[in-house]
Amino acid sequence: MNTKKIIAGIIFAIFLSNSLTAQTDYKPTEKNLQNREWFKNAKFGLFIHWGMYCQLAGGGDKGIAEWIMNDKKIPVVEYEKLATFFNPTQFNPADWVSMVKKAGIKYITITTKHHEGFAMYDSKASDYNVVKKTPYGKDIIKLLKDECDKQGIKLFFYYSQLDWHNTDYFPRGRTGQDFTGRSENADWNKYIDYMNVQLNELLTNYGEVGGIWFDGMWDKPNANWRLGETYSLIHRIQNGTLIGSNHHMSLNEGEDFLMFERDLPGENKMGFNQTSSIPENVPLEMCETMNGSWGYNIVDNNYKSSSELIQTMVKASGFGANFLLNTGPMPNGKIQPENVDTLLKMGKWLEKYGETIYGTTKGPIKPAYWGATTQKNGNVWVHILNVKDENILIGKLSKKLKSARFFDDHSNTKFKETEFGVILNIPKEKRKPVDTIIELEM
Ligand code: FHN
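Keep in mind that what you see is a predicted model, and the values were worked out from it rather than measured. (Residues numbered from 1 in each chain as written. Predicted model: local features only at pLDDT ≥ 70, side-chain atom pairs only at ≥ 80, totals over all residues. Heavy atoms only, no water.)

## Points about the overall build of the chain
Next up, step 1: On a plain count of helices and strands, the chain comes out with eleven helices and 16 strands.
Next up, step 2: Here the chain has a C-alpha radius of gyration of 23 Å; the compact-globule value for 442 residues is 22 Å, and the two agree.
Next up, step 3: Projected onto the principal axes, the alpha-carbon positions of the chain cover approximately 70 × 60 × 40 Å.
Next up, step 4: The proportion of buried residues among the 442 residues of the chain is 57%.
Next up, step 5: For the chain, long-range pairs separated by at least 24 residues make up 71% of all intrachain contacts whose partners lie at least 6 apart in sequence.
Next up, step 6: Approximately 19,000 Å² of the chain is accessible, and the part contributed by carbon and sulfur atoms is 52%.
Next up, step 7: Put simply, the chain has 53 plus and 52 minus side-chain charges, and the middle of one group is 3 Å from the middle of the other. (Helix = DSSP H or I, 4+ residues; strand = E, 2+ residues; numbered from the N terminus. Rg over C-alpha atoms; globule rule 2.2 N^0.38 Å. Buried < 20%, exposed > 50% of the residue type's maximum accessible area, 1.4 Å probe, protein only. Contact = heavy atoms within 4.5 Å. Areas by Shrake-Rupley, 256 points an atom, 1.4 Å probe, with all protein chains shown as cover. Lys, Arg positive; Asp, Glu negative; His and termini not counted. Charge placed at Lys NZ, Arg CZ, Asp CG, Glu CD.)

Put into structure tokens, the structure is as follows:
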């Protein structure tokens, strides 16, 4: 190989690695940093998975919903028919957003395009969208965004980089393969250009966007995603918009927050969360389902209780992370009554105990089997979850403990400081079914 070729190869490799991984030399603007602070304080968001898949509603399988196209190997030409039935006449964004507010939720993240490739908004980049292809014919994202603006709720856009519909998503990744029936006369760079045009639309036509929530890079981890270009584009159009990506890895340059799917930060119960480092100042978010599905699934009634979900939210707060809880709206445009019920119960709990969650940072003691700690303005709260023992060793504090009081009635909690840390005494009659909160004074 001659020297010229070697140098060209090296330059190309550097270009590729930059574009693969990062928006180089990224410095978040003041506005972006303010939005990060807002986001850290918000603590509770609603995730919404809504797309054409909601009409197949599980297809008889518990785990399948938004993945039905892939899992049941439905070719593009057949799957496209779904759009012609989509008519959610009972979709009332005002109802959704009022419910969200009652539930104590501070922001919504909605799928603008999931892996099925269908845009839930009016896209000029492709006719495969809710306005052009469905009898409903209205821009779902615009309707929701207008209502969010009216009621003061921030809206984030989920955008799937993985696409089972677009021919140019080629070579194919781990999913959406031959069964889709797409031609192999395709051009990956054209696909990235298409994605960037769609993102441009989302950031230009809908006012201020809270954030872009990417998903799907894991389908082709080694592809040239031209991330640097996409991230710069987003930050150039709206420098306050937060970028996060569910690639299940550590943060890339240009990303403003780090997310964890169905795992608390640092955990890997799911087996795919490979995040090796968690930076101190970056906002964190954990997302979770209310049953076992993200999209609406008529046969999945394995609902988590509001108590279980509150406890997960508390633990997430103990890691300094937001809790993004999912619902999959039904084909008629309504949110499942079971989900509304759970969310409103969580809202009731937050009305009483929200002070110990909103605006807090992770507490002085790391979450453990007994629960978690949170703190704000010099107040420290210990959240005891699910523990039957009367005496609980919570671990060491860096300062001497002056007093400990039950949050509910302000009565004193007995405690002991030992060489292994603080032991709190929680008599049976003081125990709360979901979370016994103790306020520490040091
Ligand atoms: O495949 C998706 C899935 O459908 C869902 O959108 C979740 C949400 O975090 N993310 C993906 C898997 O990592």
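Back to the write-up after that little detour.
## Overview of the sheet that holds strand β15 (residues 421-425)
Next up, step 1: Spatially, β12-β15-β14 is the arrangement adopted by the three strands of the open sheet, whose pairing is antiparallel. Pairing within the sheet leaves two strands with one partner each, and these edge strands are β12 (391-395) and β14 (414-418). With strand direction ignored, the average angle separating the axes of adjacent strands in the sheet is 25°.
Next up, step 2: Here four bridges tie β12 to β15, and the two strands are oriented antiparallel to one another. Within β15, the residue paired with Gly395 across the bridge is Val422. (Pairing = 2+ DSSP bridges. Axes fitted to C-alpha atoms, helices over the stretch in contact; angles between N-to-C directions.)

## Side note on the domain arrangement of the chain
Next up, step 1: Split by domain assignment, the chain resolves into domain 1 (3-359) and domain 2 (371-441).
Next up, step 2: Between the C-alpha centres of domain 1 and domain 2 the distance comes to 37 Å.
Next up, step 3: Counting residues at the interface gives 15 residues for domain 1 and 15 residues for domain 2.
Next up, step 4: Summed over both sides, the interface between domain 1 and domain 2 buries roughly 1,300 Å², with carbon and sulfur atoms accounting for 63% of that surface.
Next up, step 5: The largest share of the area that domain 1 buries against domain 2 comes from Gln311, Tyr353 and Thr356, three residues that together contribute 42% of it.
Next up, step 6: Between domain 1 and domain 2 we count one salt bridge in total.
Next up, step 7: Residue Lys352 is joined to Asp408 by a salt bridge in which the shortest nitrogen-to-oxygen separation is 3.9 Å.
Next up, step 8: Scanning the region where domain 1 abuts domain 2 turns up six residue pairs in polar contact (both at pLDDT 80 or more).
Next up, step 9: When residues of the side of domain 1 that touches domain 2 are traced back to their parent elements, those giving at least two are α10 (306-318) and α11 (337-353).
Next up, step 10: A per-element tally of the side of domain 1 that touches domain 2 places α10 first, with seven residues.
Next up, step 11: Class assignment for the residues of the side of domain 1 that touches domain 2 results in six nonpolar, six polar and three charged. (Domains from an automatic or database assignment. Buried area = accessible area lost by both parts, 1.4 Å probe. Salt bridge = Lys/Arg side-chain N within 4 Å of Asp/Glu carboxyl O. Polar contact = N/O pair within 3.5 Å; in protein donor to acceptor, adjacent residues only side chain to side chain. Nonpolar A, V, L, I, M, F, W, Y, C, P; charged D, E, K, R; others polar.)

## A few points about the site of the ligand
Next up, step 1: With respect to spatial proximity, 15 residues lie near the ligand, and among them His49, Glu66, His115, Asp215 and Glu261 are the closest.
Next up, step 2: Contacts to the ligand include Glu261, whose side-chain N or O atom sits 2.5 Å from an oxygen atom.
Next up, step 3: Contact with the protein chains covers 95% of the free accessible surface of the ligand, which is 330 Å².
Next up, step 4: The site holding the ligand turns out to be the largest pocket.
Next up, step 5: Residues belonging to the shell around the ligand are distributed by class as follows: seven nonpolar, five polar and three charged. (Near = heavy atom within 4 Å. 1 Å grid on protein atoms, 1.4 Å probe; cavity = no way out; pocket = protein on both sides within 12 Å on 5 of 7 lines; lining within 4 Å. Sits in = over half its atoms within 2 Å of the grid points.)

## Quick look at empty space enclosed by the protein
Next up, step 1: Within the structure shown, the criterion is met by one cavity of 30 Å³ or more.
Next up, step 2: In this structure, the largest cavity spans a volume of roughly 40 Å³.
Next up, step 3: Around the largest cavity, the lining residues are Met290, Asn291, Ser293, Trp294, Gly295, Tyr296, Asn326, Thr327, Gly328, Gln336 and Asn339. (Points joined across faces, edges and corners; volume = space filled by probe spheres on them.)

## Quick word on helix α5 (residues 93-102)
Along an α-helix, residues three or four positions apart point the same way, because every turn accommodates 3.6 residues.
Next up, step 1: Within α5, the full set of buried residues consists of Pro93, Trp96, Val97, Met99 and Val100. All buried residues of α5 fall inside an arc of 160° around its axis, so they share one side.
Next up, step 2: Sitting at the amino-terminal end of α5 is Asn92, which places a side-chain oxygen 3.0 Å from the backbone nitrogen of Ala94.
Next up, step 3: Immediately downstream of α5, the backbone of Gly104 shows phi near 80°, a positive value. (Arc of directions from axis to C-beta.)

## As for the pairing of β14
Next up, step 1: Two strands pair when backbone bridges link them, and β14 and β15 are joined in this way by five bridges, in the antiparallel orientation. Looking across to β15, one finds that Lys414 is bridged to Asn425.

## Comments concerning the layout of surface pockets
Next up, step 1: Taken as a whole, the largest pocket encloses approximately 640 Å³ of empty space.
Next up, step 2: Lining the largest pocket we find 32 residues, and of these Asp215, Trp218, Asn246, His247 and His248 sit closest to its centre.
Next up, step 3: Of all elements in the fold, only α1 (3-21) and β4 (211-215) reach the threshold of two or more residues within the lining of the largest pocket.
Next up, step 4: Of the residues belonging to the lining of the largest pocket, the class tally is twelve nonpolar, 14 polar and six charged.
Next up, step 5: When its volume is computed, the second largest pocket comes out at roughly 430 Å³.
Next up, step 6: Lining the second largest pocket are 21 residues; nearest its centre among them are Glu280, Leu284, Phe319, Gly320 and Lys362.
Next up, step 7: Taken together, the elements giving at least two residues each to the lining of the second largest pocket come down to α2 (30-42) and β9 (361-362).
Next up, step 8: Broken down by element, the lining of the second largest pocket gets its largest block of residues, three residues, from α2.

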